[in-house]
Amino acid sequence: MKKSLFLCCIITWLGGITAPALYSQEEQELDVEQSAEVFLEEYSDDFQENFFEALKQKGIENYDKAVNLLLKCKQLDETNRVVDHELAKAYYEDKQFTVGEGYAITALDSEPDNPWYLETLVDILEKQGNNIDVVAARIPYDNPKLKENLALTYFKRGRYDNALKVLEEVRKSPFSEDLTTKINDSVEKRKAKSTSFTVENSNAGAANPMQGYQLRIEGLIRTNSTTILLQVSEEALETYPSQPYFYYAQGYALNKAKKPREAIDVLEAGLDYLVNDIGLANKFYTELADAYTATYNTVKANMYLSKIKPGF
């Protein structure tokens, strides 16, 4: 059973880095599964047991135990960069960002093309208020694929200026031209919606723009306007990045848009800003339980359900 679950983990990891883009979905799945089988054969039962248990402990937020188990894996295989990446994520969840940064850099240095390694490093840097520039000398920053992945990462996070800056350093290609077009379109849409928002809410938001955002978001939630809610909550977060309600709104919209993994990231980030608001906390926990249920993580789903306090 453990071997099977460990294999699933490795398949997930290999899926993004081994399957050629021109393969059919069936060919990709076969190629990835075969690669995972070969990968798995290289490791002892002791390594697999520690690695799987580490993932389990991380899933239930026992980050200290997860780190200790992953460090045992490092003793068994010092050069395993999958372990380095999992250590980076575990330290990130445990808010030990400086330590996690080192492991994330080690993982990315070994595989500059890996988008997951890059996203983890970006997550850790952003939590420290930094960007990729502060570690550029410590990673293969000149790698073209790394820069493409970085531009795409910034785009997905709505950091359009950062994405365009990176694309200026990338050789012109169909990818760079397509992404530049998408970014410029998104910027124009944001400007148009911002103008519309200002006109529609001039009375409600003139004295308090933050309250204006909240009033509009509440209306969008009532009318199930998911697409617009995603855009408005993103704008609100960019303007007010420490307001937990806007994290909840975006997490709610992402859940409605069938993007539970993105919802989890946003909602758990928002919990860091939540103080003494049981009603809003219940909303966070409900959305997190739904998101984890959608990703088949019943342990985390039940954990958040248990946090909901009745009567609020």
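Residues numbered from 1 in each chain as written. Predicted model: local features only at pLDDT ≥ 70, side-chain atom pairs only at ≥ 80, totals over all residues. Heavy atoms only, no water.

Here we take up the overall build of the protein chain. Scanning the protein chain from N- to C-terminus turns up 17 helices and zero strands. In the protein chain, which comprises 312 residues, the proportion classed as buried is 42%. In the protein chain, the share of contacts with a sequence separation of at least 24, taken over all contacts with a separation of at least 6, comes to 53%. Looking at the protein chain as shown, the accessible area adds up to about 16,900 Å², and 50% of this sits on carbon and sulfur atoms. (Helix = DSSP H or I, 4+ residues; strand = E, 2+ residues; numbered from the N terminus. Buried < 20%, exposed > 50% of the residue type's maximum accessible area, 1.4 Å probe, protein only. Contact = heavy atoms within 4.5 Å. Areas by Shrake-Rupley, 256 points an atom, 1.4 Å probe, with all protein chains shown as cover.)

Take the nonpolar core next. Residues Leu 121, Ile 132, Ile 139 and Leu 150 are the most contacted members of the largest nonpolar core, which totals 39 residues. Residue contacts for Ile 139: discarding those within four places in its chain leaves Ile 105, Leu 108, Leu 121 and Ile 132. Counting 34 residues, the second largest nonpolar core, distinct from the first, contains Tyr 213, Tyr 252, Ala 269 and Tyr 292. (Core = buried A, V, L, I, M, F, W, Y, C linked by side-chain atoms within 4.5 Å.)

Another aspect to go through is the packing of aromatic side chains. On inspection of all chains with the given rule, the structure shows 14 aromatic pairs. Judged by centre distance (5.8 Å) and plane angle (15 degrees), the rings of Tyr 91 and Tyr 103 are stacked. In this pair, Tyr 91 is assigned in helix α5 (residues 81–93) and Tyr 103 in helix α6 (residues 97–110), connecting sequence segments twelve residues apart. Judged by its relative accessible area of 9%, Tyr 91 falls in the buried class. For Tyr 103, a relative accessible area of 22% translates into the label partly exposed. Here Tyr 292 and Tyr 304 contribute two aromatic rings whose centre-to-centre distance is 5.9 Å and whose plane-to-plane angle is 10 degrees, an arrangement assigned as stacked. Highlighted residues: Tyr 292 in helix α16 (residues 278–294) and Tyr 304 in helix α17 (residues 298–307), separated in sequence by twelve residues. A relative accessible area of 8% places Tyr 292 in the buried class. Among the aromatic residues, ring-to-ring pairing joins Tyr 213, Tyr 240, Tyr 245, Phe 246, Tyr 248, Tyr 252 and Phe 284 into one connected group. (Phe/Tyr/Trp six-rings, centres within 6.5 Å; stacked < 30°, edge-to-face > 60°.)

In the Ramachandran plot, Lys 258 falls in the positive-phi region, its phi being about 65 degrees despite a non-glycine side chain. Of the residues examined, Lys 258 reaches a relative accessible area of 71% and is grouped as exposed. With phi around 50 degrees, Asn 276 is a residue other than glycine that occupies positive phi space. When you line up the elements, Asn 276 lands in the loop between α15 (260–271) and α16.

This paragraph deals with the pattern of salt bridges. Enumeration over the complete set of coordinates arrives at 16 salt bridges. Notably, a salt bridge pairs Lys 89 with Glu 86, separated by 3.2 Å at the nearest N-O pair. Of this pair, Lys 89 and Glu 86 both sit in helix α5, three residues apart, which is roughly one turn of that helix. On the accessibility criterion, Lys 89 (27% relative accessible area) is partly exposed. By sharing partners, the salt bridges in this structure join Lys 74, Glu 78, Arg 81 and Asp 84 into a single network. (Salt bridge = Lys/Arg side-chain N within 4 Å of Asp/Glu carboxyl O.)

Before going further, it helps to spend a moment on the confidence of the model for the protein chain. Residues with a pLDDT of 70 or more make up 80% of the protein chain, whose mean pLDDT is 81. For the stretch residues 1–9, pLDDT sits under 50, and the model shows 15 contacts to residues farther than four places along the chain or on other chains. The low-confidence segment residues 11–39, where pLDDT is below 50, has 36 contacts with residues more than four positions distant or belonging to other chains. (pLDDT = per-residue confidence, 0-100.)

What follows deals with the environment of Gln 250. Tracing the chain through its elements places Gln 250 in helix α14 (residues 244–256). Sequence separation of Gln 250 and Leu 230 is 20 residues, and the distance between their C-alpha atoms is 5.8 Å. For Gln 250, the contacting residues outside a window of four places in its chain are Leu 230, Ser 233, Glu 234, Leu 237 and Val 266.

Two elements in contact, helix α4 (residues 63–76) and α5, have axes whose closest approach is 10 Å; the angle formed by their N-to-C orientations is 160 degrees. What the angle tells us is that α4 and α5 run roughly antiparallel. In the packing of α4 onto α5, the handedness of the crossing is left-handed. Taken together, the residues of α5 that come into contact with α4 (itself represented by Tyr 63, Val 67, Leu 70, Leu 71, Cys 73 and Lys 74) are Arg 81, Val 83, Asp 84, Glu 86, Leu 87, Ala 90, Tyr 91 and Glu 93. Looking at the contact of α4 with α5, its residues break down into nine nonpolar, no polar and five charged. (Axes fitted to C-alpha atoms, helices over the stretch in contact; angles between N-to-C directions. Parallel < 35°, antiparallel > 145°, perpendicular 65-115°, else oblique. Left-handed = near helix turned anticlockwise from the far one by under 90°. Nonpolar A, V, L, I, M, F, W, Y, C, P; charged D, E, K, R; others polar.)

Before going further, it helps to examine the side chain of Lys 74. Inspection of the secondary structure puts Lys 74 in helix α4. A relative accessible area of 7% means that Lys 74 is categorised as buried. Not counting the four nearest positions on each side in its chain, Lys 74 is found in contact with Asn 80, Arg 81, Val 83, Asp 84 and Leu 87.

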